[in-house]
Amino acid sequence: MAHLSAGKVNFGTLRELARKDLVTLLEKFSGTKAIFWDEELTGPIGLVAEYSFLKELDVVKMFQLKRGRIPSVSVKNILFITRPEIELMDCIADNLHCEENQGHSANKEYQLIFVSRRCAVCEQRLKDKGVYGTLTSIDELPIDFYTLDSDVISMELDSIFKDLYIDNETSSLHQIARGLMTVQSLYGIFPNIVGKGRHVRNIFELMTRMRRDIGVDCDPPMSPLFDTLMIIDRTVDLVTPVVTQLTYEGLIDEFYGIKHNTVKLPGEKFQAATSGGQSPRSDDSAVKSIVLNSAEELYADLRDKNFSAVGTTLSRKAKAISAQYEERHEAKTVSELKQFVAKLPQMQATKQSLALHTSIAELVKEITISEAFQEALQVEQDLLNGIDTDKVLRLICLQSASNSGLKPRVLEHYKREIIHAYGFQHMVTLHNLETCGLLRLQQSSRPFTVIRRALNLTVDDVNEITPTDISYVHSIYAPLSVRLVQWAAKPGWKQISDVLNLIPGPLVQETQPISMDLRS
Amino acid sequence: MALLTADWNPLGREAYYRKFEVYTMGWIDQVNLQDLKVNVAPSGGPIAVVRDDTKLTPVQTSGKPIIFIFSPSGELKSTIKWSGGKIVEINWSSSEELLCIQDDGSVSAYDIFGNYQNSFQMGQEAREMKIIDARTFSSSTGTGLVVLTTNFRFFVVNNIKDPRIRRFPDIPGVNIAPSCWTAIHGDDRQTRVIVAKEKDIYLLDYSEQHVTQKIPEISHHHLSIVAMAVSPCGKLVALLTDAGVIWIGSFDFRRKFCEHDAQCMLPAVQLVWCGSGAVVLNLGSVLLVLSPNRDNFTLILDSTSHVCPEVDGLRIITNSSHEFLQKVPLPNQEIFRIGSMSPGAILVEASREFQKRSHRAEEYIRLVKNQLEQAVIQCIQAAGNEWQPGVQKMLLRAAQLGKSFLFDKVDSELFVGMCQTLRILNAVRNYKIALPLTFQQYEQLGKTGLLNRLILRRQYSIAIQICQYLQMSEADGIPRVLTEWACYKIKHGLGKLDAEQLASEISAKLGTGSKVSYSSIALKAIECKQEKLAIRLLDFEHRASEQIPLLLKLGQEPQALAKAVESGDPNLIYYVLVVMKETYSADKFYMTIRHYPSVNALYAKLCRTIQMGSLEQIYEQEDNFNAQAILSVKDSYRAQKLENRSAMLTTAVKQYRQAKAEIAASLTEDQLKLLKSQSSYESKFGCPVIDVSLNDTLKLLMRRRDIKETEEMVKKFKVPERRLWWLKVTTFAEIGDWAELEKLSRLKKSPIGYEPFVDVCLQYNNVTEAQRYLPKVEEHLSIKYYVKAKMYTEAAQIAFQRKDTEALHYVQSRCSSNRDAVDMINSLIAKLANPSESQNKR
């Protein structure tokens, strides 16, 4: 995990903290342990601690949390590690009832651990189900942010968009603020907090409040490492998530889905290529799981390249590596030979990684050259430039976003077509899309056009191979959120205040007081 | 020098005991200890006295006794007019609560100011049998209590704050009252009772429920043991026989250290230890001090006395003074003993000369040069043990002088710390505050302990000054004192000030720092039935988790809700909702939460996940017809029977109409119609059709070649022509009905173009059929479509005819594996590039 501390900010510390919390918690329970995981957590927690590490903490077995009887294991502690979700509580209650009926509960202890926070509703549910007393302890594992890479941390909360923008349910803001407090505790108080959008002010206020409750004199004793925290509400930029990503990593994600740094790919492509490559966990031969992060040099190099530049990079690397292999013929003296041998493991690794990514690139290419993809991309790019066309939901949403809403007639037509083609159950889908703003009616003004021009969101002559502007990631489109960050960095948001007014949600520009001796 | 050792009494060769006056009693001429039962709280605590009803005195007032509480300097603090049952014993707890133990086993606690605090019982047996005696002891967890019942059973409570009653095993033998007994709490956290029944001594152990008899070797003739005392260190025990003989031995009674005939024939008042080095027999106005080596001396007092053992000595209370008897601490002995040549003594001498500006100071210093460090430490320690500020100063001056020759070799913390401690001790020893703590007692009590004592005495101002002086942390420093002050203020400000005034006075003093616990002050206000004040005070509390439970307790649900929303903590909001749900009517509940969108949303979620309430009601309350409709739609999918589904969808239509969502209403109506048709198809075709989309239903009909029904559906649902064509094209290809497809293409000009025709043919790998439609493909798409059909030559020809080099390149790029085609296209490109040359060649 050395790559985590390689960046400007050592996010390894954040991971270490999470690991420490996990260890402290597990050490609380003496004796052997079996863990029943909420399936959704195995990915994120995998980023914190691997199984071998847990084994050292007396974890004998791990299972997936599901209803019914739990497998019989002879351990002292049964640990349920879950998110605070009602359905999961019902699972646990079910498990515990079975255990009690079978008389297992007498010589075991059952511990419940919430990630990342205890939840009164869930605990009430357990009481209602009559199993609250069976649990020996209830704890929380306060991990809010997971370190994905040397420069990316994420909360890995899948349901947050639905909660916030469809159900209007803002509990998760508390968690966000709490997570940011943890970040502050490690890297210092953010001197400036700026942001845009519906929930930004709320987050800022919660952070201020939490800081006051801890006591300002309990501030982390270090000079701030970050200059500014920028919070951008997702609804500020609903265009970017519906546009196809065209970088190497982006396309892998589009086609195969990267979750918690791991992608699952069809197995047959990799039989020959990677014997012992990137920590392959071959669950079954049909699917191959590959961990993607900057620890792998080649991937770090490739991940953010536009896909059209990937081929040349791969072949250049391939040439370089074979040239290195050729050196063995030139090695005349023993010491030269020795030097060459010393380089071998590195070369082997590079070669393997090269083989792996060539295979992945082929998989991706198969799709990118297909007519369907090309056409969809064309439509997408036309839409971004403000020309109407029709396609499926994602495209409709893009059309809505890039035109600042749809004309009533068009919207009605789409709705009717979708219901008639895909079924009436999509009434709910459409309702949700409208609630969160991905789909909406056009108003008299069309701010997106203005924003697009002002912030230069679409760029015609994009150099995909040696990019000079972020628009290369979508070949013509520069993400609005990225542009906002760029403007904030230079020359500042003051310059674009007119444009910011067109973007929904209030603007937040605040400073947090920091004691004199911590100011750098 | 001689002056300081004047009150020293040697006890054996090594030890000296000194007695000095702490206070002249404020009660002089008013109190006669002779007639009173006295109890002194440990560590310089207050003194409680009550008329001793075993002694005959003229009664001035009839009836119930009065308990007087005095400060250690003899100032009357309060009186308790006793109205309860017969008091067996009054005793102080380690936290300075006066425990009044009644004969029915009920124990009531009072503070220094005579305010009732709480009470507890010593169990049923004690109540029924009545108790005749009681003793307190200090346990690891606080103060413990042992009582003796009339049937000679002992009951113990190890911590009066958590009274759990345990019974000791019975004393064996004839049932007569014990002649004396005591309770001890050892380092092993076990409480034991040593009891003497005439000559026999028993050790009772409740945890193991066993009794051991102890037989001390007493050579003097006696009939019974009348008093006993265990040393503070727990290793020695002293006994007094009815013949007036004192026996000192080991705690297990196996070893005897000495036996001394005190020759006292009158009943002794008290037998106690002074430290662990000497036993003191109090004979009223005479004290006999006896060491385990049988060394002894006698002290004559000016009146009847009461003595109270402390860890490091003995307090002596008389009618006129409060004195302290202690073994002279070693450093002080070393320095002040006559003729002492200890380093400290010489340093003190040097300092004395130095003050006199005499050159001999230097000689003394030189004399002690090699032991200067030890000398300094001796002086500092000795200063701590002195009562008179003058002597303290003298010793500290000597230490300071010595220090200046040592540069950094001696830890200055020691010196500074002692100066600080003495300042504090001198301040609290003032007779007005009257906390006569010795250095050692203070060490045992600690800073926090001292603060607690001051708070108990309502000495808030000096407590705060001490916090400031010691720079104590926020957690146990000033905010704590202020909180206590505020609680006091509330309790005693009642009736004098109104809630608003009181609240603002408190907040003005306490500020809004996060460390002040306004919630605990508010709790006090609630206890004093000052709800209005409590609510007002809770406004100042920052921590929502502290504030909200109290607001709920006060029935301030709306305010609790507002605070919970501010905190953003979903757990807190949930708590408030649970309480409100119970106490409020449904209407009031909605009216309260509707102001907060986030609460509304959370409540909606709770309705969805744990059925906390009904979602419909929320939406009805809000007139949110759209959400109601969506709910009806969702519900319709849960219904089993078709008529129920239809009914729900009919409701949805109505709700959509109310929401003015015409499109949704008409789509739902469509669905109703569709369901009806689908159900008839299901019975007709015998396969599941319900829940299939309209398009798929149409395709199903087309696949069954049910033209009539298809037409009808198209009419019924106003299916647009373009879509119908699309459906037809894809369905015909799917079922391989190429003839029907062709028929369709001839019917009229296709509204969707002919590209889909080609596409579906290619999809099913029917190139022959595809060729039929390729010429009809729109011109700008034709090259692409020929390529799609892998007819590269034709595609290239078209491109060539159009003189479109770019298109030729495109075709070439798509057939790169076909060598011939590539060559052919190359030549075409060449022709286009240079038409004249190619003509020449020809």
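Residues numbered from 1 in each chain as written. Chains lettered and ligands numbered in written order. Predicted model: local features only at pLDDT ≥ 70, side-chain atom pairs only at ≥ 80, totals over all residues. Heavy atoms only, no water.

Novice: I tried to follow the overall build of chain B on my own but got confused; where do I start?
Specialist: Looking only at helices and strands, one finds 34 helices and 29 strands in chain B. In summary, chain B has a C-alpha radius of gyration of 50 Å against a globular reference of 28 Å for 842 residues, an excess of more than 25%. Along the first, second and third principal axes, the C-alpha atoms of chain B reach 150 × 75 × 60 Å. For chain B, buried positions account for 52% of its 842 residues. For chain B, long-range pairs separated by at least 24 residues make up 48% of all intrachain contacts whose partners lie at least 6 apart in sequence. Accessible surface for chain B amounts to roughly 40,600 Å². Of this, 49% is attributable to carbon and sulfur atoms. (Helix = DSSP H or I, 4+ residues; strand = E, 2+ residues; numbered from the N terminus. Rg over C-alpha atoms; globule rule 2.2 N^0.38 Å. Buried < 20%, exposed > 50% of the residue type's maximum accessible area, 1.4 Å probe, protein only. Contact = heavy atoms within 4.5 Å. Areas by Shrake-Rupley, 256 points an atom, 1.4 Å probe, with all protein chains shown as cover.)

Novice: For this particular structure, what's the right way to read the side chain of glutamine 547 of chain B?
Specialist: All names here are of chain B. Take glutamine 547: it is sitting in helix H15 (residues 544-553). For glutamine 547, a relative accessible area of 1% corresponds to the buried category. A polar atom in the side chain of glutamine 547 sits 2.8 Å from the backbone oxygen of leucine 538. Each residue touching glutamine 547, except ones within four places of it in the same chain, is listed here: Leu538, Asp539, Glu541 and Lys563. (Polar contact = N/O pair within 3.5 Å; in protein donor to acceptor, adjacent residues only side chain to side chain.)

Novice: Got a minute to help me understand the pairing of strand E3 (residues 36-40) of chain B in this structure?
Specialist: Residues in a regular strand project their side chains so that they alternate between the two faces of the sheet. All names here are of chain B. The buried count for E3 comes to four of five residues, which makes it a mostly enclosed element. As paired strands, E3 and strand E4 (residues 47-51) are joined by five bridges and run antiparallel to one another. The residue of E4 that forms the bridge with asparagine 39 is alanine 48. (Pairing = 2+ DSSP bridges.)

Novice: Can you walk me through unusual backbone geometry in this structure?
Specialist: Negative phi values dominate among residues other than glycine, just as trans dominates among peptide bonds. Between valine 115 of chain A and the following residue, serine 116 of chain A, the backbone shows a cis peptide bond with an omega angle of 0 degrees. Mapping serine 116 of chain A onto the fold places it in the loop between strand E4 (109-115) and helix H5 (120-128). Cis peptide bonds are those with omega within 30 degrees of zero, and the linkage from lysine 490 of chain A to proline 491 of chain A qualifies with 0 degrees. Among the secondary structure elements, proline 491 of chain A is positioned in the loop between helix H18 (480-489) and helix H19 (497-502). One non-glycine residue, asparagine 261 of chain A, lies in positive phi territory at about 70 degrees. Relative to the assigned elements, asparagine 261 of chain A resides in the loop between strand E10 (258-259) and strand E11 (262-266). We note that arginine 458 of chain B has phi near 60 degrees; this positive angle belongs to a residue other than glycine. Given a relative accessible area of 22%, arginine 458 of chain B falls into the partly exposed group.

Novice: What is the right way to read helix H7 (residues 389-406) of chain B from this model?
Specialist: Residue pairs spaced three or four apart in an α-helix point in one direction, given the helix's 3.6 residues per turn. Residues and elements named next belong to chain B. End to end, H7 covers 25 Å across 18 residues, agreeing with the expected 26 Å (1.5 Å per residue, within 8%). Of all the positions in H7, only Val391, Gln392, Met394, Leu395, Leu396, Ala398, Ala399, Leu401, Gly402, Lys403 and Leu406 are classed as buried. A positive phi of about 55 degrees marks phenylalanine 407, the residue just after H7. (Expected span 1.5 Å × (residues − 1).)

Novice: Could you clarify how one ought to interpret the environment of serine 404 of chain A in this entry?
Specialist: Residue and element names in this part refer to chain A. Within the secondary structure layout, serine 404 lies in the loop between helix H14 (393-402) and helix H15 (408-422). The class for serine 404 is buried, based on a relative accessible area of 3%. When the C-alpha positions of serine 404 and leucine 439 are compared, they lie 9.4 Å apart, and in sequence the two are 35 residues distant. Not counting the four nearest positions on each side in its chain, serine 404 is found in contact with Arg440, Leu441, Gln442, Gln443, Ser445, Arg446, Pro447 and Phe448.

Novice: Just checking my understanding: could you explain the nonpolar core for this structure?
Specialist: If you look at soluble globular proteins, the nonpolar side chains tend to sit buried side by side. Ranked by size, the top nonpolar core spans 132 residues in total, and within it Phe80 of chain A together with Leu537 and Leu577 of chain B carry the most contacts. Each residue touching phenylalanine 80 of chain A, except ones within four places of it in the same chain, is listed here: Phe36, Leu65, Ile92, Asn95, Leu96, Tyr110, Gln111, Leu112, Ile113 and Leu135 of chain A. By size, the runner-up hydrophobic cluster in this structure holds 76 residues, among which are Ile193, Leu411 and Trp493 of chain A together with Ala665 of chain B. (Core = buried A, V, L, I, M, F, W, Y, C linked by side-chain atoms within 4.5 Å.)

Novice: Would you explain the pattern of salt bridges in this entry?
Specialist: Taken as a whole and assessed by the stated rule, the structure comprises 68 salt bridges over all chains. Where aspartate 301 of chain A meets lysine 305 of chain A, a salt bridge forms, and the shortest distance between an N and an O atom there is 3.5 Å. Across the pair lysine 684 of chain B and glutamate 709 of chain B runs a salt bridge, and its minimum N-O distance is 3.8 Å. With lysine 684 of chain B in helix H23 (residues 662-685) and glutamate 709 of chain B in helix H25 (residues 707-716), this pair connects stretches of sequence that are 25 residues apart. Taken together, the salt bridges that share partners define one network made up of Glu412 and Arg416 of chain A together with Asp670 and Lys673 of chain B. (Salt bridge = Lys/Arg side-chain N within 4 Å of Asp/Glu carboxyl O.)

Novice: Help me out: how do you make sense of the packing of H15 of chain B against helix H16 (residues 557-567) of chain B in this one?
Specialist: Two packed helices can be described by the angle between their axes and the distance between those axes. Residues and elements named next belong to chain B. The geometry of H15 relative to H16 is characterised by a closest axis approach of 8 Å and an angle of 165 degrees between their N-to-C directions. Between H15 and H16, the angle falls in the class roughly antiparallel. As for the relative orientation of H15 and H16, their crossing is left-handed in sense. In contact with Ala544, Gln547, Ile548, Leu551 and Leu552 of H15, H16 contributes Glu557, Gln559, Ala560, Lys563, Ala564 and Ser567. Split by residue class, the contact of H15 with H16 holds six nonpolar, three polar and two charged. (Axes fitted to C-alpha atoms, helices over the stretch in contact; angles between N-to-C directions. Parallel < 35°, antiparallel > 145°, perpendicular 65-115°, else oblique. Left-handed = near helix turned anticlockwise from the far one by under 90°. Nonpolar A, V, L, I, M, F, W, Y, C, P; charged D, E, K, R; others polar.)

Novice: I'm lost on the interface of chain A and chain B in this one. Help?
Specialist: By a widely used convention, the size of an interface equals the accessible area lost when the partners come together. Tallying the contact residues gives 40 residues for chain A and 48 residues for chain B. For the pair chain A and chain B, the two sides together bury roughly 3,700 Å², of which 55% comes from carbon and sulfur. Linking chain A with chain B are six salt bridges. In this structure, arginine 723 of chain B and glutamate 417 of chain A form a salt bridge, with 3.1 Å as the shortest nitrogen-oxygen distance. Run the count over chain A and chain B and you get 17 residue pairs in polar contact (both at pLDDT 80 or more). The set of elements that each furnish at least two residues to the side of chain A that touches chain B consists of H5, helix H7 (171-187), helix H8 (200-214), helix H13 (371-384), H15 and helix H16 (426-436) of chain A. (Buried area = accessible area lost by both parts, 1.4 Å probe.)

Novice: Whenever I open this one, the sheet that holds E3 of chain B confuses me. Can you help?
Specialist: Pairing between sheet strands relies on hydrogen bonds along the backbone, with the strands arranged either parallel or antiparallel. Residue and element names in this part refer to chain B. Strand order in the open sheet formed by four strands is E3-E4-E5-E6, with antiparallel pairing between adjacent strands. Two strands close off the open sheet at either side, each with one partner strand: E3 and strand E6 (76-81). Neighbour-to-neighbour, the strand axes of this sheet turn through a mean angle of 20 degrees, independent of strand direction. Pairing of strand E5 (residues 66-70) with E6, which is carried by five bridges, proceeds in the antiparallel orientation. Within E6, the residue paired with isoleucine 67 across the bridge is isoleucine 80.

Novice: I'm lost on the packing of aromatic side chains in this one. Help?
Specialist: To describe a pair of aromatic rings, one takes the distance between the centres and the angle between the planes. Under the defined criterion, the tally for this structure stands at 29 aromatic pairs over all chains. Ring geometry for tyrosine 17 of chain B and phenylalanine 297 of chain B: centres 6.4 Å apart, planes at 50 degrees, overall tilted. Of this pair, tyrosine 17 of chain B sits in strand E2 (residues 15-24) while phenylalanine 297 of chain B sits in strand E26 (residues 296-300), placing them 280 residues apart in sequence. Taking 6.2 Å as the distance between ring centres and 65 degrees as the angle between the ring planes, the aromatic pair formed by tyrosine 590 of chain B and tyrosine 603 of chain B counts as edge-to-face. A residue pair is termed long-range when its members are at least 10 positions apart, and tyrosine 590 of chain B in helix H18 (residues 586-593) and tyrosine 603 of chain B in helix H19 (residues 597-610) qualify at 13 residues. Summarising the burial analysis for this pair, tyrosine 590 of chain B and tyrosine 603 of chain B share the class buried. Connected via pairs of aromatic rings, a cluster forms that spans Phe11, Tyr187, Phe190 and Phe226 of chain A. (Phe/Tyr/Trp six-rings, centres within 6.5 Å; stacked < 30°, edge-to-face > 60°.)

Novice: Explanation requested: the sheet that holds strand E8 (residues 192-196) of chain A in the structure shown.
Specialist: All names here are of chain A. The mixed open sheet is built from three strands, whose spatial order is E9-E8-E13. Across the chains shown, the open sheet's two edge strands, defined by having one partner strand only, are strand E9 (228-232) and strand E13 (507-511). The mean angle between the axes of side-by-side strands here comes to 10 degrees, regardless of whether they run parallel or antiparallel. Summarising the sheet, E8 and E13 pair through five bridges and their orientation is antiparallel. What sits directly across from lysine 196, in E13, is leucine 507. The sheet strands contacting H8 are E8, E9 and E13, and the helix crosses E13 at an angle near 25 degrees.

Novice: What exactly am I supposed to notice about the side chain of glutamate 97 of chain B here?
Specialist: Tracing the sequence through the fold places glutamate 97 of chain B in the loop between strand E7 (87-92) and strand E8 (98-102). With residues up to four places along the chain from it excluded, the contact list for glutamate 97 of chain B reads Asn91, Trp92, Ala109, Tyr110, Gln117, Asn118, Ile160 and Lys161 of chain B.

Novice: I tried to follow the environment of tyrosine 477 of chain A on my own but got confused; where do I start?
Specialist: Residues and elements named next belong to chain A. Here tyrosine 477 is to be found in the loop between helix H17 (447-454) and H18. Each C-alpha atom of the pair tyrosine 477 and alanine 489 lies 20 Å from the other, and the pair is twelve residues apart in sequence. Of the polar contacts made by the side chain of tyrosine 477, one reaches the side chain of threonine 240; its length is 3.0 Å. Side-chain polar atoms of tyrosine 477 contact the backbone nitrogen of leucine 480, separated by 3.3 Å.

Novice: I would appreciate a short explanation of the environment of lysine 61 of chain A in the present structure.
Specialist: All names here are of chain A. Locating lysine 61 in the fold gives a position in strand E2 (residues 59-64). With 334 residues separating them in the primary sequence, lysine 61 and leucine 395 have C-alpha atoms 45 Å apart. Ignoring anything within four residues of it in the chain, the contact list for lysine 61 reads Lys33, Ala34, Ile35, Tyr51 and Val73.

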